[in-house]
Amino acid sequence: MSSFEGVLVSDPWLQSQFTQVQLRTLKSKYVSVRTQYGRVTVGDMPAVFSKLKAFIDVFSENDISAMLQESTSNMDEEIDFESFLRAYLNLHGRASIKSKSSGKKLAGSSSFLKASTTTFHHNINESEKKSYVQHINKHLGEDKFLKDYLPIDPSTNALFDLVKDGVLLCKLINVAVPNTIDERAINTKKAPNPWERNENHTLCLNSAKAIGCTVVNIGTQDLVEARPHLVLGLISQIVKIQLLTDVNLKNTPELVELVDDNEEVEELRNLAPEKVLLKWMNFHLKKAGYTKQVTNFSSDVKDGEAYAYLLTALAPELSTPDALQVMDPTERANMVIEQAEKLECNKYLTPTDIVEGSANLNLAFVAEIFQHRNGLNATETSKVSYAEMMEDDDQTSREERCFRLWINSLGIPTHCNNVFEDVRNGWIILEVLDKVSPGSVNWKLATKPPIKMPFRKVENCNQVIQIGRDMHFSLVNVAGNDIVQGNKKLIIAYLWQLMRFSMLQLLRNLRSHSSEGKEITDTDIIQWANDKVKKSGKTSQMESFKDKNLSTGVFFLELLSAVEPRVVNWEVCRAGETDEDKKMNATYIISVARKLGCSIFLLPEDIMEVNQKMILILTASIMYWSLQRKHGGGHHTYTPPVNAPEEHAEEADDEDVASDATE
């Protein structure tokens, strides 16, 4: 298998919009200007772009200059390579529209520009849009920044216009999971420039991943352009996380009433919130005499009968027999909604949504009922018993959360709800291994869930251990059966080594052209960070990833400022002398790092307590971002995965774009 020099871009979505030939062509243009003038500014782009084949017959240099000035008034502002690429994409979108209107085919056009073509193939659910708009109006109507723009009219597309600057979605994430984003890190200018908007969207997407959203197929450009189906998909996930926040044993210990013994409690604890909600619903329906089993929030609730029984069981003082006697499903659905409103439930859906089986809105409706009247009366004894079971949970819950979010951020086919339970058949770890080290898994020897035969689980986990040994993980006296048995200490140790391997591999690949492919060590990362801070004129230094002085947060603030001076607002930073100051700094550090583009899953407490593992990942993530930026999406040795087209195949498809490389 041959290898070739590739151009790496930190934003996966942006990378996906170009082939390597296109990236190398545009990179050569960018580097040429930077070599000539020492930097690249917005004002340099019109002269460069107007000579490209894609624009030469469509826009003049003045046309391009005027379009760029719509986004910024400072044409002398320096831009990096990724901003250069985004500007190219935006111009290409306009050129496509102009060419279509004139009946001409755009020169150099290929599949990489999807902004102006894909949106129209996705129909959005107007009912869902209306519900989410009402949710936003209710929860953000008093926000100091957004109150000038709210309430949003659900009958218009004002929602999509409002998300373009990135502030709304960041605020919505904080409504769902408070304090996820330090609002001091949000760019809340009335008219942010394109780079400030992009920072907000980067902060939004990295923070969305950190609360459990799946954003593998969403990029910052999708949010800049407010593609309706993707925006609504992200909002739907955020709202769902908010509504299900209490549907678990930790926040609602009364849920132990749904099970009979400790073994079932453990099973309940490992269920996804949606499954817990269904279990809760069926628990009350059975008591109310409803003979059917509700297995989904769509077809099983279309006729409204389950809702009528549920509300009768939960709020008999408000119910009437009419809802059960009515034959028309729409009329029954209307009565159900009216009854729920008496419980002060938000109106997330209409009778039509119930009858048509809108899964997202029905789930929101049931979650609202749960929040206002769960009907559970677990005894204090059962609560105490559950609390005793959870005694050791605080020691591992933060790490479990981190690894779960990291696994789900990789875009593997299987979703992980609970690390300690879901990895026991070995399959999810095999998928992660294949993602981190393509080709390392022998899928012919693996068994996909559901797995009935116990020895098949052991076989999967034995392969997991063997691959770990091949990667030089520390796995002394460890066997696959230890994972099958759910050994938490072992599982955490393995996943930590896997996460560390993934991070160091990214750094090694990025530096391979200048360091002969040598392994990246902890010492290398520490030395890089210390050198960066020292060269910026600051005095803080890191002795190790266990250095207790790191708890103040000052070193990381200085490191972030060193790699991107304008990203840290020193006026809002603290000296870190008190616990309150330390927490303020730690929260700000995490948001600023995510705003730059670091995909990290640690909590403020990890910095305050100097959690060695999380400190390493934080520092390495900042280093990775900085090295990417240094190379401007730079060249590195890249080996195509199996079945990937070789370089000559790309060139055949992109002949027109490649010709732009000729001066």
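Residues numbered from 1 in each chain as written. Predicted model: local features only at pLDDT ≥ 70, side-chain atom pairs only at ≥ 80, totals over all residues. Heavy atoms only, no water.

This next bit is on helix H8 (residues 167-176). Burial analysis of H8 places nine of its ten residues in the buried class, which makes it a mostly covered element. Contacts from the buried residues of H8 go to helix H6 (126-140), helix H7 (158-162), helix H9 (194-210), helix H10 (220-224) and helix H11 (228-243). (Buried < 20%, exposed > 50% of the residue type's maximum accessible area, 1.4 Å probe, protein only. Helix = DSSP H or I, 4+ residues; strand = E, 2+ residues; numbered from the N terminus. Contact = heavy atoms within 4.5 Å.)

Together, Asp-260, Asp-261, Glu-264 and Glu-267 give the surface a local cluster of negative charge. Owing to a relative accessible area of 49%, Glu-267 belongs among the partly exposed residues under this scheme. (Patch = residues over 30% accessible without salt bridge, like charges linked within 9 Å, V, L, I, M, F, W, Y side chains within 5 Å. Areas by Shrake-Rupley, 256 points an atom, 1.4 Å probe, with all protein chains shown as cover. Salt bridge = Lys/Arg side-chain N within 4 Å of Asp/Glu carboxyl O. Lys, Arg positive; Asp, Glu negative; His and termini not counted. Charge placed at Lys NZ, Arg CZ, Asp CG, Glu CD.)

This part takes up the pattern of salt bridges. Under the counting rule described, the total for this entry stands at 27 salt bridges. Two residues, Arg-500 and Asp-522, come together in a salt bridge whose shortest N-O distance is 2.5 Å. Taken together, the residues span a long stretch of sequence, with Arg-500 in helix H25 (residues 488-515) and Asp-522 in helix H26 (residues 522-535) at a distance of 22 residues. The partly exposed category is assigned to Arg-500, whose relative accessible area is 26%. Residue Asp-522 is classed as partly exposed on the basis of its relative accessible area of 25%. In this structure, the salt-bridge partner of Lys-583 is Glu-605, at a minimum N-O distance of 3.7 Å. Here the residue Lys-583 occupies a position in helix H28 (residues 579-596), and Glu-605 occupies one in helix H29 (residues 604-608), the gap between them amounting to 22 residues. The partly exposed category is assigned to Lys-583, whose relative accessible area is 40%. For Glu-605, a relative accessible area of 24% puts it in the partly exposed group.

Turning next to the packing of aromatic side chains. Inspection of the entire model under this criterion finds 16 aromatic pairs. Ring geometry for Phe-81 versus Phe-84: centroids 6.3 Å apart, planes at 20°, classification stacked. Of the two residues, Phe-81 and Phe-84 both sit in helix H5 (residues 81-102), three residues apart, roughly one turn of that helix. The same class applies to Phe-81 and to Phe-84, which are both buried. Feature note: the residues Tyr-30, Phe-49, Phe-55, Phe-59, Phe-81, Phe-84 and Tyr-88 constitute an aromatic cluster, connected by ring pairs. Residue placement shows Lys-27 over the ring face of Phe-81; its charged tip is 5.4 Å from the ring centre. (Phe/Tyr/Trp six-rings, centres within 6.5 Å; stacked < 30°, edge-to-face > 60°. Lys NZ or Arg CZ within 6 Å of the ring centre and 35° of its normal.)

This paragraph deals with the nonpolar core. With 173 residues, the main nonpolar core has Leu-159, Leu-234, Trp-280, Met-281, Leu-433, Leu-498 and Phe-556 as its most contacted residues. When residues in this core are grouped by element, the largest group, 13 residues, is from H25. Contact partners of Leu-498, with chain neighbours within four places excluded, come to Trp-406, Ile-429, Val-432, Leu-433, Val-436 and Phe-473. Ranked by size, the runner-up nonpolar core spans 31 residues in total, among them Phe-18, Ile-79, Ala-87 and Leu-91. (Core = buried A, V, L, I, M, F, W, Y, C linked by side-chain atoms within 4.5 Å.)

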